[in-house]
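These are the residues of each chain, in order.
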Amino acid sequence: MNDKIKEALAPAIIPLRQWLETLEQRERYIVIGGSIALVVMMFYLIIWEPITEKYSQQHSQHESQRELYNWMKNASAEISSLKSAGGNSMARFRNQSISSLADRSATTTGIKPYIEKIDQSKNGVKVTLKAANFDRIVTWLSDLKNKYGIFASKVKIEKSKEAGAVDASVTLERSS
């Protein structure tokens, strides 16, 4: 195989050799040294530098994906623990009536004084509020959803005769 390469390169090497022999010794050293420097520089620019650059990019991408994976794994574990903690809390209140849980939540959120009446129906509980603070109603509904798994299926809110207050009719149901 070595002989085949020599035979293939011979037409290019013979004139190059003849040209080098016409140069003085010092000029030959300069041309050979420059050729070697050119070959090394071409090797670096064409082969080595692109490979190391690509390796560096792949390495940083791999590290960022590893960090994302670790974050997602930790977030998943946290979500699972929160779901199980929340699920157990809601399951604990599953046997209690919606009206008693609504009353308990109304007391803790400060909306109880505004409840005019609570009507039990087959679908859930209808709560009528008079002259209540809107923000407190939202807090109450959020508390019902987060703690007890009870949501508002129907909400009707109207401006109250009192300034800054609303009258509301809310139908509460248990989530499945």
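Everything that follows concerns the structure shown earlier in this document.
Since the structure is predicted, the reported quantities are computational estimates derived from the model, not experimental observations.

Sorry, what's going on with the nonpolar core here?
The tendency in soluble globular proteins is for nonpolar side chains to be buried side by side. Within the largest apolar cluster, 20 residues are counted, with the highest numbers of intra-cluster contacts made by Leu-129, Ile-137, Trp-140, Leu-144 and Leu-172. Of all elements in the fold, only helix H3 (98-109), strand S2 (125-132), helix H4 (134-148) and strand S4 (166-174) reach the threshold of two or more residues within this core. Looking at which element gives the most residues to this core, the answer is H4, with five residues.

I would appreciate a short explanation of the environment of Ile-14 in the present structure.
Within the secondary structure, Ile-14 is located in helix H1 (residues 2-22). A residue is classified by how much of its surface remains accessible, and Ile-14, at 47% relative accessible area, is partly exposed. When the C-alpha positions of Ile-14 and Tyr-44 are compared, they lie 28 Å apart, and in sequence the two are 30 residues distant.

Even after reading the chapter, I still don't get the pattern of salt bridges, so can you show me in this structure?
Where side chains of opposite charge bring their charged atoms close, a pairing between them can arise. As enumerated under the stated definition, the model contains five salt bridges in all. We note a salt bridge from Asp-103 to Lys-112, for which the minimum N-O separation is 2.5 Å. Exposure remark for Asp-103: the relative accessible area of 27% places this residue in the partly exposed category.

Just to check I follow, could you spell out H3 for this structure?
Note: α-helices contain 3.6 residues per turn, so residues at a spacing of three or four share the same orientation. Along its twelve residues, H3 runs 16 Å from first to last C-alpha, staying within 8% of the 16 Å computed at 1.5 Å per residue. If you check which residues of H3 are buried, you get Ile-98, Ser-99, Leu-101, Ala-102, Ser-105, Ala-106 and Thr-109. All buried residues of H3 fall inside an arc of 160 degrees around its axis, so they share one side. In this structure, the buried residues of H3 make contact with strand S1 (115-120), S2, H4, strand S3 (150-159) and S4. One or two residues past the end of H3 sits Gly-110, with phi positive at roughly 85 degrees.

Teacher, can you tell me more about the pairing of S3 here?
As a general feature of sheets, a regular strand has side chains that alternate between the two faces. By the bridge criterion, nine bridges tie S3 to S4 in an arrangement that is antiparallel. Counterpart to Ala-152 in the pairing with S4 is Leu-172. Counting the residues that bridge the hairpin from S3 to S4 gives six residues, and of these Gly-164 lies at a positive phi of roughly 75 degrees.

Mind showing me how you'd approach a nonpolar patch on the surface here?
A surface patch of nonpolar side chains, amounting to about 1000 Å² of accessible area, comprises Leu-38, Met-41, Met-42, Phe-43, Tyr-44, Leu-45, Ile-46, Ile-47, Trp-48 and Ile-51. Take Leu-45: it is sitting in helix H2 (residues 25-92).

Honestly, the pairing of S1 in this entry has me stumped. Any pointers?
Direction of pairing for S1 relative to S2: antiparallel, over a ladder of five bridges. Counterpart to Asp-119 in the pairing with S2 is Lys-126. In this antiparallel pair of consecutive strands, S1 and S2, the connection spans four residues.

I'm lost on the side chain of Thr-109 in this one. Help?
Counting through the fold element by element, Thr-109 comes out in helix H3. Since its relative accessible area comes to 16%, Thr-109 is described here as buried. There is a polar contact of 2.8 Å between the side chain of Thr-109 and the backbone oxygen of Ser-105. Residues contacting Thr-109, with those up to four places away along its chain left out, are Arg-136, Thr-139, Trp-140 and Asp-143.

Got a minute to help me understand H4 in this structure?
The first and last C-alpha atoms of H4 sit 21 Å apart over 15 residues, in line with the 21 Å expected at 1.5 Å per residue. Within H4 the residues assigned to the buried category are Ile-137, Trp-140, Leu-141, Asp-143, Leu-144 and Tyr-148. When H4 is viewed along its axis, its buried side chains cluster within an angular range of 155 degrees and face the same direction. Opposite the buried face of H4, at more than 90 degrees from it, the exposed residues are Asp-135 and Asn-146. Two to three positions downstream of the cap, the backbone nitrogen of Asp-135 sits 2.8 Å from a side-chain oxygen, assigning the N-cap of H4 to Asn-133.

What counts and how
The residue numbering used here restarts from 1 in each chain and proceeds along that chain's sequence as written. Note on the predicted model: pLDDT of at least 70 is required for a residue's local features to be given, and 80 or more for side-chain atom pairs to be given and counted; whole-chain, interface and lining totals, by contrast, use all residues. Neither water nor hydrogens contribute to the side-chain values; these are computed over all heavy atoms in the structure. Grouping buried Ala, Val, Leu, Ile, Met, Phe, Trp, Tyr and Cys residues that are joined through side-chain atoms within 4.5 Å yields what is termed a nonpolar core. Only protein chains enter the area calculation, which uses a 1.4 Å probe; residues under 20% of their type maximum are buried, those over 50% are exposed, and those in between are partly exposed. Working definition: helices are DSSP H or I runs of at least four residues, strands are E runs of at least two. Numbering for both runs from the N terminus. The rule for a salt bridge is simple: a side-chain nitrogen of Lys or Arg has to be within 4 Å of a carboxyl oxygen of Asp or Glu. Working rule for helices: expected span equals 1.5 Å times residues minus one. The reported arc concerns the directions from the helix axis to the C-beta atoms and nothing else. Here, two residues are considered to be in contact whenever any of their heavy atoms come within 4.5 Å of each other. Being paired, for any two strands, means DSSP has found at least two bridges between them. Candidate patch residues must exceed 30% relative accessible area and have no salt bridge, after which like charges are joined if within 9 Å and Val, Leu, Ile, Met, Phe, Trp or Tyr side chains if within 5 Å. Using the Shrake-Rupley algorithm and a 1.4 Å probe, accessible areas are obtained, with residue cover drawn only from the displayed protein chains. Within 3.5 Å is the distance limit for a polar contact, defined as a pair of N or O atoms, with the added protein rule that one can donate a hydrogen and the other accept it, and that residues adjacent in sequence qualify only through two side-chain atoms.

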